[in-house]
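Commentary on secondary and tertiary structure
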Amino acid sequence: MLCDYHSHTRFSDGRGEPRDFARAALAAGFAEIACTDHAPFPEVRSNWHMKLEDLPRYVESVEQARREAVGVKILLGLELDYIPELQAHFRAIQQRYDWDFLLGSVHYVGDWNIDNPDFIEQWRACDVDAVWETYFKLQTDAVRTGLYDAMAHPDLAKKFDYHPKRDPRPWYERFLRACAETGVAIEISTAGLRRPCREVYPSLDMLKLARLLGVAITFGSDAHLTQDIGRDFNKAFALAREAGYTQFARFEKRRRSFAPIP
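Here we summarise the structure given alongside this text. These figures come from a predicted structure and were not determined experimentally. (Residues numbered from 1 in each chain as written. Predicted model: local features only at pLDDT ≥ 70, side-chain atom pairs only at ≥ 80, totals over all residues. Heavy atoms only, no water.)

**Structural notes on the overall build of the protein chain**
For the protein chain, the helix and strand inventory stands at eight helices and 11 strands. Looking at the protein chain residue by residue over its 262 residues, the buried ones come to 58%. Here the contacts in the protein chain between residues at least 6 apart in sequence split such that 75% fall between residues at least 24 apart. In the form shown here, the protein chain has an accessible surface area of approximately 11,100 Å², with 48% of it arising from carbon and sulfur atoms. On the protein chain, the mean spot of the 35 positive side-chain charges and the mean spot of the 39 negative ones are 3 Å from each other. (Helix = DSSP H or I, 4+ residues; strand = E, 2+ residues; numbered from the N terminus. Buried < 20%, exposed > 50% of the residue type's maximum accessible area, 1.4 Å probe, protein only. Contact = heavy atoms within 4.5 Å. Areas by Shrake-Rupley, 256 points an atom, 1.4 Å probe, with all protein chains shown as cover. Lys, Arg positive; Asp, Glu negative; His and termini not counted. Charge placed at Lys NZ, Arg CZ, Asp CG, Glu CD.)

Printed below as a string of structure tokens:
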């Protein structure tokens with residue numbers, strides 16, 4: 001069973017309709033795909049999040065794709081940023097529709113979008129250790145909100161290949177213990193292989209610790225183009241097995257079950 005639980009359509013920063021991603025998933029031999037466009041902010045803050053007025057159209061577009069799909073299951077999902085002051089807004093979105101799967105993510109450390117190449121100069125000038133530590137604190141706080149089923153690209157801070165001098169394992173452990181205690185999974189994302197770090201998110205060290213602590217995993221490509229659905233999943237499966245995993249989490253109406261790693 002092949003499941004890609006991270007994709008973005010034209011409703012946020014991807015290209016194509018949900019039906020296009022479903023067709024691509026079917027052609028690639030996938031049984032399930034989750035549409036997880038970036039949830040809207042209450043005001044315009046970026047050009048890569050969904051517009052608030054487009055949320056009903058997004059949900060209807062996913063439902064239409066479901067009605068047309070034969071041979072592939074489509075999950076209605078969102079990727080919700082963790083921004084402490086916007087939690088009431090995101091919780092209202094969570095309660096508005098009958099979601100299958102909600103991804104959490106941290107892109108902002110303060111007002112800085114650490115994921116955005118337009119602001120890479122800040123990486124060159126910052127205290128990298130301090131940014132990593134704050135990033136993992138935000139992730140730890142996020143999993144305790146109860147908003148999310150899984151955390152996307154859990155060591156995204158390495159995207160531009162800036163790594164801390166300090167040992168990051170204590171930060172990993174606090175975050176992963178929170179995941180274990182709350183039942184929040186982490187995503188193995190192949191998107192990092194297409195980024196300057198050239199590495200799957202998360203690292204093998206982090207994934208081994210997650211396995212030791214009993215944290216569940218999902219798989220995602222973070223596809224913004226249909227041709228990236230399921231991209232490099234053979235490498236993600238191999239990394240999961242190397243870390244000691246034999247199964248991954250699936251979701252429906254936010255209820256979790258498990259399937260063996262292909």
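Anyway, onward from the coordinates.
**Description of the sheet that holds strand β8 (residues 185-189)**
Read across the open sheet, the seven strands follow the order β1-β2-β3-β4-β7-β8-β9; overall the sheet is parallel. Lying at the two open borders of the sheet, with one neighbouring strand each, are β1 (3-4) and β9 (217-220). (Pairing = 2+ DSSP bridges.)

**Some points on the packing of helix α5 (residues 128-143) against helix α6 (residues 169-182)**
Where α5 contacts α6, the axes come no closer than 9 Å and their chain directions differ by 5 degrees. Here α6 runs roughly parallel to α5, going by the angle between their axes. Facing Asp-129, Trp-132, Glu-133, Phe-136, Gln-139, Thr-140 and Val-143 of α5, the residues of α6 in contact are Trp-171, Tyr-172, Arg-174, Phe-175, Ala-178, Cys-179 and Thr-182. Partitioning the contact of α5 with α6 into residue classes produces eight nonpolar, three polar and three charged. (Axes fitted to C-alpha atoms, helices over the stretch in contact; angles between N-to-C directions. Parallel < 35°, antiparallel > 145°, perpendicular 65-115°, else oblique. Nonpolar A, V, L, I, M, F, W, Y, C, P; charged D, E, K, R; others polar.)

**A closer look at the packing of aromatic side chains**
Inspection of every chain in the model, using the stated rule, returns 18 aromatic pairs. Summarising the aromatic geometry, the rings of Phe-219 and Phe-237 are spaced 4.9 Å apart at their centres and angled 90 degrees between planes, so their arrangement reads as edge-to-face. One end of the pair, Phe-219, is in strand β9; the other, Phe-237, is in helix α8 (residues 233-242), and 18 residues separate them in sequence. Relative to Phe-237, the ring of Phe-233 lies with its centre 5.8 Å away and its plane at 75 degrees, an arrangement referred to as edge-to-face. In this pair, Phe-233 and Phe-237 both sit in helix α8, four residues apart, roughly one turn of the helix. Judged on exposure class, the residue Phe-233 and its partner Phe-237 are both buried. Three or more aromatic residues joined by ring pairs make a cluster, and in this case those are Phe-30, Phe-219, Phe-233, Phe-237 and Phe-248. Seen from the ring of Phe-11, Arg-10 lies directly overhead, with NZ or CZ sitting 3.9 Å from the centre. (Phe/Tyr/Trp six-rings, centres within 6.5 Å; stacked < 30°, edge-to-face > 60°. Lys NZ or Arg CZ within 6 Å of the ring centre and 35° of its normal.)

**Some details on the pairing of strand β10 (residues 247-252)**
Where β10 and strand β11 (residues 255-260) come together, six bridges link them in antiparallel fashion. The residue bridging Ala-249 from the neighbouring strand is Phe-258, located in β11. The turn linking β10 back onto β11 is made up of two residues, and Lys-253 within it adopts a positive phi angle of 50 degrees.

**Focus on the pattern of salt bridges**
Opposite charge on two side chains lets them pair, provided their charged atoms get close. This model, assessed by the stated rule, comprises 25 salt bridges. For Arg-169, the salt bridge identified is with Asp-167, shortest N-O distance 2.8 Å. Residue Asp-167 is classed as partly exposed on the basis of its relative accessible area of 37%. Linking Asp-232 and Lys-235 is a salt bridge whose minimum nitrogen-to-oxygen distance equals 3.9 Å. Since its relative accessible area comes to 22%, Asp-232 is described here as partly exposed. Given a relative accessible area of 45%, Lys-235 falls into the partly exposed group. Each of Arg-194, Asp-228, Arg-231, Asp-232 and Lys-235 takes part in a single network of salt bridges with overlapping partners. (Salt bridge = Lys/Arg side-chain N within 4 Å of Asp/Glu carboxyl O.)

**Brief notes about helix α2 (residues 55-68)**
With 14 residues, α2 ought to run about 20 Å at 1.5 Å a step, and its terminal C-alpha atoms sit 20 Å apart, in line with that. Among all positions in α2, only Leu-55, Tyr-58, Val-59, Ser-61, Val-62 and Ala-65 are buried. Considered in projection along α2, the buried side chains sweep an arc of 160 degrees and stay on one side of the axis. Contact partners of the buried residues in α2: α1 (18-27), β2 (32-38), β3 (73-81) and α3 (87-96). (Expected span 1.5 Å × (residues − 1). Arc of directions from axis to C-beta.)

**Let's talk about the side chain of Thr-9**
Relative to the assigned elements, Thr-9 resides in the loop between β1 and α1. For Thr-9, a relative accessible area of 0% gives the class buried. At a separation of 2.6 Å, a polar atom in the side chain of Thr-9 contacts the side chain of Asp-37. Those residues in contact with Thr-9 that sit more than four places away from it in its chain are Gly-14, Arg-15, Gly-16, Glu-17, Pro-18, Phe-21, Cys-35, Asp-37 and Tyr-58. (Polar contact = N/O pair within 3.5 Å; in protein donor to acceptor, adjacent residues only side chain to side chain.)

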